[in-house]
Amino acid sequence: MSDKKAIIKSENFCFYYGSKIGVKNISMEIYPKSVTAIIGPSGCGKSTFLRSINRINDLIANIKTKGVLLVKGHNVYDKNTNLVNLRQQVGMVFQKPNPFPKSIFDNVAYGPRLQGVKKRSYLQQIVEEKLKAAALWGEVKDELNKSALALSGGQQQRLCIARALATNPDILLMDEPCSALDPIATGKIEDLIDKLQTDYTIVIVTHNMQQAARVSERTAFFCLGELIEYDSTVKIFRNPAKKQTEDYVTGRFG
């Protein structure tokens, strides 16, 4: 891993909601084309950290940050950061599928259209390519004009992944992407994560430790806003360095 340059790097990064601290002094490096899981009990700062990477947290009033959070060497909290560009490079998939109330086609074409793609044939090519990448093309190719809201929950989540991929991001953030899905739909998303990591850097927040163990190469354990331990997933689950990590992964607390 160390021969690769980190694509995401935080140094003593702190995030505050007003006077309440969300995460404090997070220092970690996330490497390209890999899956990194963030685990920890509810309210421990995992989603706060994840949402800081593409500044989705900016939608909340009265926030402030300290320290540095770099994406591809650029401090995302620099005042000159272009948020539209940042969010095109760093796609996001949320806990509950949130397709737009538009057709399947228009959901995937939404980002490319914002980027200035107008040619129908090129849009069709992007839509097909990204739906294939999200393992959904075979199920929807004959009904692209159908409302995305008519799809099942698992299909909607894969559509949201296709929509995130359509702007050609380098990084895909996933905030508990399977928590609203049944086991079969969850299995499909996990298989998909495995395939996508050859082309994308994936950071997944999950409360499901078996899922973290199945999909990720590295795991970060957060507790009470702090990064307790960050190492290879195998080490975190089999031989953690900290007692707190061991207690969490063996189910003694959390």
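Heads up: the structure comes first, above all this text.
Described below are features of the structure shown in this document.

Calculation criteria
Residues numbered from 1 in each chain as written. Predicted model: local features only at pLDDT ≥ 70, side-chain atom pairs only at ≥ 80, totals over all residues. Heavy atoms only, no water. Helix = DSSP H or I, 4+ residues; strand = E, 2+ residues; numbered from the N terminus. Rg over C-alpha atoms; globule rule 2.2 N^0.38 Å. Contact = heavy atoms within 4.5 Å. Areas by Shrake-Rupley, 256 points an atom, 1.4 Å probe, with all protein chains shown as cover. Lys, Arg positive; Asp, Glu negative; His and termini not counted. Charge placed at Lys NZ, Arg CZ, Asp CG, Glu CD. Phe/Tyr/Trp six-rings, centres within 6.5 Å; stacked < 30°, edge-to-face > 60°. Lys NZ or Arg CZ within 6 Å of the ring centre and 35° of its normal. Axes fitted to C-alpha atoms, helices over the stretch in contact; angles between N-to-C directions. Parallel < 35°, antiparallel > 145°, perpendicular 65-115°, else oblique. Left-handed = near helix turned anticlockwise from the far one by under 90°. Nonpolar A, V, L, I, M, F, W, Y, C, P; charged D, E, K, R; others polar. 1 Å grid on protein atoms, 1.4 Å probe; cavity = no way out; pocket = protein on both sides within 12 Å on 5 of 7 lines; lining within 4 Å. Points joined across faces, edges and corners; volume = space filled by probe spheres on them. Expected span 1.5 Å × (residues − 1). Buried < 20%, exposed > 50% of the residue type's maximum accessible area, 1.4 Å probe, protein only. Pairing = 2+ DSSP bridges.

**Looking at the overall build of the protein**
Stage number 1. Check the secondary structure of the protein and you find ten helices and ten strands.
Stage number 2. Scaling as 2.2 N^0.38, a compact globule of 254 residues should have a C-alpha radius of gyration of about 18 Å, and the protein matches this with 18 Å.
Stage number 3. Reported as C-alpha extents along the three principal axes, the dimensions of the protein are approximately 55 × 40 × 35 Å.
Stage number 4. In the protein, of all internal contacts separated by at least 6 residues, the share reaching a separation of at least 24 is 68%.
Stage number 5. Per element, the accessible surface of the protein, about 12000 Å² overall, is 49% carbon and sulfur.
Stage number 6. Seen as two clouds, the 35 positive and the 25 negative side-chain charges of the protein have centres 5 Å apart.

**Looking at the packing of aromatic side chains**
Stage number 1. A complete count under the given rule lists six aromatic pairs for this structure.
Stage number 2. Between Phe 221 and Tyr 248, the ring centres sit 5.0 Å apart and the planes meet at 20 degrees, which makes this aromatic pair stacked. Pair noted here: Phe 221 is in strand 9 (residues 218–223) and Tyr 248 is in helix 10 (residues 243–249), with a separation of 27 residues, a long-range link.
Stage number 3. Joined through ring pairs, the aromatic side chains of Phe 13, Phe 49, Tyr 77 and Phe 222 make up one cluster.
Stage number 4. The side chain of Arg 163 reaches across the aromatic face of Phe 100, ending 4.1 Å from its centre.

**Quick look at the packing of helix 6 (residues 153–165) against helix 7 (residues 183–196)**
Stage number 1. Taken N-terminus to C-terminus, the directions of helix 6 and helix 7 make an angle of 20 degrees; their axes are 9 Å apart at the nearest point. Judged by the inter-axis angle, helix 6 sits roughly parallel to helix 7. Of the two possible hands of crossing, helix 6 and helix 7 adopt the one that is right-handed. Note on element contacts: helix 7 touches helix 6 through Ala 185, Lys 188, Ile 189, Leu 192 and Leu 196, opposite Gly 154, Gln 157, Arg 158, Ile 161 and Leu 165.
Stage number 2. Of the residues that constitute the contact of helix 6 with helix 7, the class distribution is six nonpolar, two polar and two charged.

**Side note on the layout of surface pockets**
Left-over empty space is what a probe sized like a water molecule reveals as it rolls over the atoms.
Stage number 1. Put simply, the largest pocket is a space of about 550 Å³.
Stage number 2. For the lining of the largest pocket, the secondary structure elements donating two or more residues are helix 2 (83–89), strand 6 (90–93), helix 3 (104–114) and helix 6.
Stage number 3. Grouping the constituent residues of the lining of the largest pocket by class yields eleven nonpolar, six polar and two charged.
Stage number 4. Of the volumes computed, that of the second largest pocket is approximately 280 Å³.
Stage number 5. Together, 20 residues line the second largest pocket, and Ser 42, Gly 43, Cys 44, Gly 45 and Lys 46 are the ones closest to its centre.
Stage number 6. With four residues, the single largest contributor to the lining of the second largest pocket is helix 1 (residues 46–53).
Stage number 7. Of the residues belonging to the lining of the second largest pocket, the class tally is five nonpolar, ten polar and five charged.

**Examining helix 6**
Stage number 1. The end-to-end C-alpha distance of helix 6, which contains 13 residues, comes to 18 Å, matching closely the 18 Å that a straight helix rising 1.5 Å per residue would cover.
Stage number 2. With respect to burial, helix 6 is a largely interior element, twelve of its 13 residues being buried.
Stage number 3. Every buried residue of helix 6 is accounted for by Gly 154, Gln 155, Gln 156, Gln 157, Arg 158, Leu 159, Cys 160, Ile 161, Ala 162, Arg 163, Ala 164 and Leu 165.
Stage number 4. Against strand 6, helix 3, helix 4 (120–133), helix 5 (137–140), strand 7 (171–175) and helix 7 lie the buried residues of helix 6.

**Looking at the sheet that holds strand 7**
Stage number 1. Strands sit in the order 6-7-8-3-9-10 across an open sheet of six strands; the sheet is mixed. Edge strands, defined here as strands with exactly one partner in the open sheet, are strand 6 and strand 10 (226–232). The sheet shows a mean angle of 15 degrees between the axes of neighbouring strands, direction not considered.
Stage number 2. Inspection of the sheet shows strand 7 paired to strand 8 (residues 201–205) by five bridges, in the parallel sense. Within strand 8, the residue paired with Ile 171 across the bridge is Thr 201.
Stage number 3. Along the sheet, helix 1 makes contact with strand 3 (35–39), strand 6, strand 7, strand 8 and strand 9, crossing strand 7 at roughly 150 degrees.

**Describing the environment of Val 84**
Stage number 1. Considering the arrangement of structural elements, one finds Val 84 in helix 2.
Stage number 2. In sequence terms Val 84 and Leu 114 are 30 residues apart; their C-alpha atoms lie 9.7 Å from each other.

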